[in-house]
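# Working through the structure, step by step
Listed here are the chains, written in short residue letters.
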Amino acid sequence: DSGVTQTPKHLITATGQRVTLRCSPRSGDLSVYWYQQSLDQGLQFLIQYYNGEERAKGNILERFSAQQFPDLHSELNLSSLELGDSALYFCASSPQRQVSPNSPLHFGNGTRLTVT
Amino acid sequence: DQQVKQNSPSLSVQEGRISILNCDYTNSMFDYFLWYKKYPAEGPTFLISISSIKDKNEDGRFTVFLNKSAKHLSLHIVPSQPGDSAVYFCAANRPFGNEKLTFGTGTRLTIIP
């Protein structure tokens, strides 16, 4: 158990809808990262928050947004969903602002989003 | 642009033999590399890392080798065990700019009993 909790585990929704994915980081971790894994693809970095502030942005669509709350949990909001948004969405956390060999990312078990 | 490549989608190895998983990268600015292991329905878990100033790091049955001139790293598992069957992701980190790990597409390792 990595200590990172993601809910829900599975989500099935229709095109055009909006969903919210939730992540609770490991106790004490200040950084939260969101990754997307589409079929047969590697993990694509979406966005990072550190202690409530956006820290880095990757290939995140404008239809997607995220935030980190004062209790350090994070939410990823996906709107105007398209079929191509179907993927596994992983949240990861680490204690520091930057990933390092001594502070690797710890991943949750992911949310599987299916858009029909 | 796929900066981290794992060209073998799958690999099968007999139990007790050596498993070698390969990873190539294109960005010479990467300063360290990590391997993650992923079981079905679980998130990736950290396995082993190596700094760009080293050429080898060992942890039990797992050894990672880095060849900077070839921009190539490999993960050796000796001896391979059935519990090693999983998808292995190679990841690389840049020290500056958008601070993120860049992941490869993964190699599915199957250990044959």
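A few points on the structure. Just so you know, the residues in each chain are numbered from 1, in the order the chain's sequence is written. Here every chain gets a letter starting at A, and every ligand a number starting at 1, in the order they are written. Two thresholds apply to this predicted model, a pLDDT of at least 70 for residue-level local features and 80 or more for giving and counting side-chain atom pairs, whereas whole-chain, interface and lining totals are computed over all residues. To obtain the side-chain values, all non-hydrogen atoms of the structure were included, while hydrogens and water were left out.

### A short note on the nonpolar core
Among buried residues, the Ala, Val, Leu, Ile, Met, Phe, Trp, Tyr and Cys ones that are joined through side-chain atoms within 4.5 Å form a nonpolar core. To sort residues, take the accessible area from a 1.4 Å probe on protein chains only and compare it with the maximum for the residue type: under 20% means buried, over 50% means exposed, and anything in between is partly exposed. Of all hydrophobic cores here, the largest spans 23 residues; its most connected members are Phe33(B), Trp35(B), Leu73(B), Leu75(B) and Tyr88(B). Ignoring sequence-local partners within four residues, the contact set of Tyr88(B) consists of Gln6(B), Leu21(B), Trp35(B), Tyr36(B), Lys37(B), Leu47(B), Leu75(B), Ile77(B), Gly106(B), Thr107(B) and Leu109(B). Among the nonpolar cores identified, the runner-up in size contains 20 residues, and Ile47(A), Phe64(A), Ala87(A) and Val115(A) belong to it. Note on contacts: a residue pair is in contact if any heavy atoms of the two residues lie within 4.5 Å.

### Observations regarding the pairing of strand β8 (residues 74–78) of chain A
Residues and elements named next belong to chain A. Judged by how many residues are buried, β8 sits mostly within the fold: 5 of 5 residues are covered. Burial of the side chains of β8 extends over both faces: Ser74, Leu76 and Leu78 are buried on one face and Glu75 and Asn77 on the other. Direction of pairing for strand β3 (residues 19–24) relative to β8: antiparallel, over a ladder of 5 bridges. Paired with Val19 across the bridge in β8 is Leu78. Two strands qualify as a pair provided that DSSP identifies no fewer than 2 bridges between them. Helix and strand definitions follow DSSP, with helices as H or I runs of at least four residues and strands as E runs of at least two, each counted in order from the N terminus. Bridging between strand β7 (residues 64–68) and β8 involves 5 bridges; their strand directions are antiparallel. What sits directly across from Gln68, in β8, is Ser74. Where β7 folds back onto β8 in an antiparallel hairpin, the turn is made up of 5 residues, including Leu72, whose phi is positive at roughly 80 degrees.

### Looking at the sheet that holds strand β8 (residues 72–77) of chain B
Whenever strands of a sheet pair, they do so through backbone hydrogen bonds, lying parallel or antiparallel. The sheet built from 5 strands is open, its strands ordered β1-β3-β8-β7-β6 (chain B) with antiparallel pairing. Two strands lie at the open edges of the sheet, namely β1 (4–5) and β6 (56–59) of chain B, each paired on one side alone.

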